[in-house]
Amino acid sequence: MKNKLIRSASHNWTHSFMSDTNCVAGAPVYEELYALARQNRPEPVVISWIPVKDHELEALSQNVVTGILAYRHRLDDYLVRNKIEKSAIQEMRTEVYVEDTFRLYVRSYARDIAGKEYVSLVWN
């Protein structure tokens, strides 16, 4: 396995999660996450994929939680398809936040077991 694959896999995972295809009850999950990020400014809305942090779900709507749980269920298969060993990733998360300029951002973040960080902005 090549650790450089972690960056693209993390980015693509976040891009898919924040896309129009991730709908619950007929609405894209990202719409509620964007609204929550604006409401919580400057604090980001964080969705931890590895390790799972269930306490983050408490502040989210049921539709967003449903979308997250569906994606969590598919993560292991996604990593295998991308030739990444889950044990090689120490942390992987999606962050939605609003900067001081009031611009909304979506960021993917991953850190491998060697401590190398992989960060990229995701545009939908």
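Rules used in this analysis
Residues numbered from 1 in each chain as written. Predicted model: local features only at pLDDT ≥ 70, side-chain atom pairs only at ≥ 80, totals over all residues. Heavy atoms only, no water. Phe/Tyr/Trp six-rings, centres within 6.5 Å; stacked < 30°, edge-to-face > 60°. Helix = DSSP H or I, 4+ residues; strand = E, 2+ residues; numbered from the N terminus. Buried < 20%, exposed > 50% of the residue type's maximum accessible area, 1.4 Å probe, protein only. Contact = heavy atoms within 4.5 Å. Lys, Arg positive; Asp, Glu negative; His and termini not counted. Salt bridge = Lys/Arg side-chain N within 4 Å of Asp/Glu carboxyl O. Axes fitted to C-alpha atoms, helices over the stretch in contact; angles between N-to-C directions. Parallel < 35°, antiparallel > 145°, perpendicular 65-115°, else oblique. Left-handed = near helix turned anticlockwise from the far one by under 90°. Nonpolar A, V, L, I, M, F, W, Y, C, P; charged D, E, K, R; others polar.

1. What to know about the packing of aromatic side chains
Reasoning step 1: As enumerated under the stated definition, the model contains eight aromatic pairs in all.
Reasoning step 2: Between F17 and Y71 the ring centres are 5.2 Å apart and the planes differ by 85°, which places this aromatic pair in the edge-to-face class. Taken together, the residues F17 in helix α1 (residues 5-17) and Y71 in helix α3 (residues 62-81) connect sequence positions 54 residues apart. Each member of the pair, F17 as well as Y71, carries the same accessibility label: buried.

2. Overview of the environment of V24
Reasoning step 1: Within the secondary structure layout, V24 lies in strand β1 (residues 23-24).
Reasoning step 2: In this structure the C-alpha to C-alpha distance between V24 and G67, which are 43 residues apart in sequence, comes to 6.4 Å.
Reasoning step 3: Residues within four places of V24 in sequence aside, it is in contact with V29, N63, T66 and G67.

3. What to know about the side chain of E56
Reasoning step 1: In this structure, E56 sits in the loop between β3 (45-50) and α3.
Reasoning step 2: Salt bridges are absent for the buried E56, whose nearest opposite-charge side chain, K53, sits at 4.8 Å.
Reasoning step 3: Residue contacts for E56: discarding those within four places in its chain leaves V46, I47 and S48.

4. Concerning the environment of E43
Reasoning step 1: Mapped onto the elements of the fold, E43 is located in the loop between α2 (29-40) and β3.
Reasoning step 2: For E43, a relative accessible area of 53% puts it in the exposed group.
Reasoning step 3: Distance in space between the C-alpha atoms of E43 and S19 is 22 Å, their sequence separation being 24 residues.

5. Notes on the pattern of salt bridges
Reasoning step 1: Tallied over the entire structure, the rule returns six salt bridges.
Reasoning step 2: As a salt-bridge pair, D54 and R72 come within 2.7 Å of each other at their nearest N and O atoms. Separated by 18 residues along the polypeptide, D54 in the loop between β3 and α3 and R72 in helix α3 bring together distant segments of the chain.
Reasoning step 3: In this structure, E91 and R93 form a salt bridge, with 2.3 Å as the shortest nitrogen-oxygen distance. Neither residue differs from the other here; E91 and R93 are each classed as buried.
Reasoning step 4: Through salt bridges that share partners, E91, R93, E95, R107 and R111 make up one connected network.

6. Overview of the packing of α1 against α3
Reasoning step 1: With their axes 11 Å apart at the nearest point, α1 and α3 run at an angle of 150° to one another. On the basis of their axis angle, the class for α1 and α3 is roughly antiparallel. Considering how the two elements wind past one another, α1 and α3 form a crossing that is right-handed. Note on element contacts: α3 touches α1 through G67, I68, Y71, R74, L75 and Y78, opposite S8, A9, N12, W13, S16 and F17.
Reasoning step 2: Taken together, the residues of the contact of α1 with α3 sort by class into seven nonpolar, four polar and one charged.

7. Quick notes on the packing of α2 against α3
Reasoning step 1: Here α2 crosses α3 at 120°, and the two axes come no closer than 9 Å. Comparing the axis directions of α2 and α3 gives the class oblique. Considering how the two elements wind past one another, α2 and α3 form a crossing that is left-handed. Between α2 and α3, the contacting residues are V29, E32 and L33 on the first element and N63, V64 and G67 on the second.
Reasoning step 2: Split into classes, the residues belonging to the contact of α2 with α3 amount to three nonpolar, two polar and one charged.

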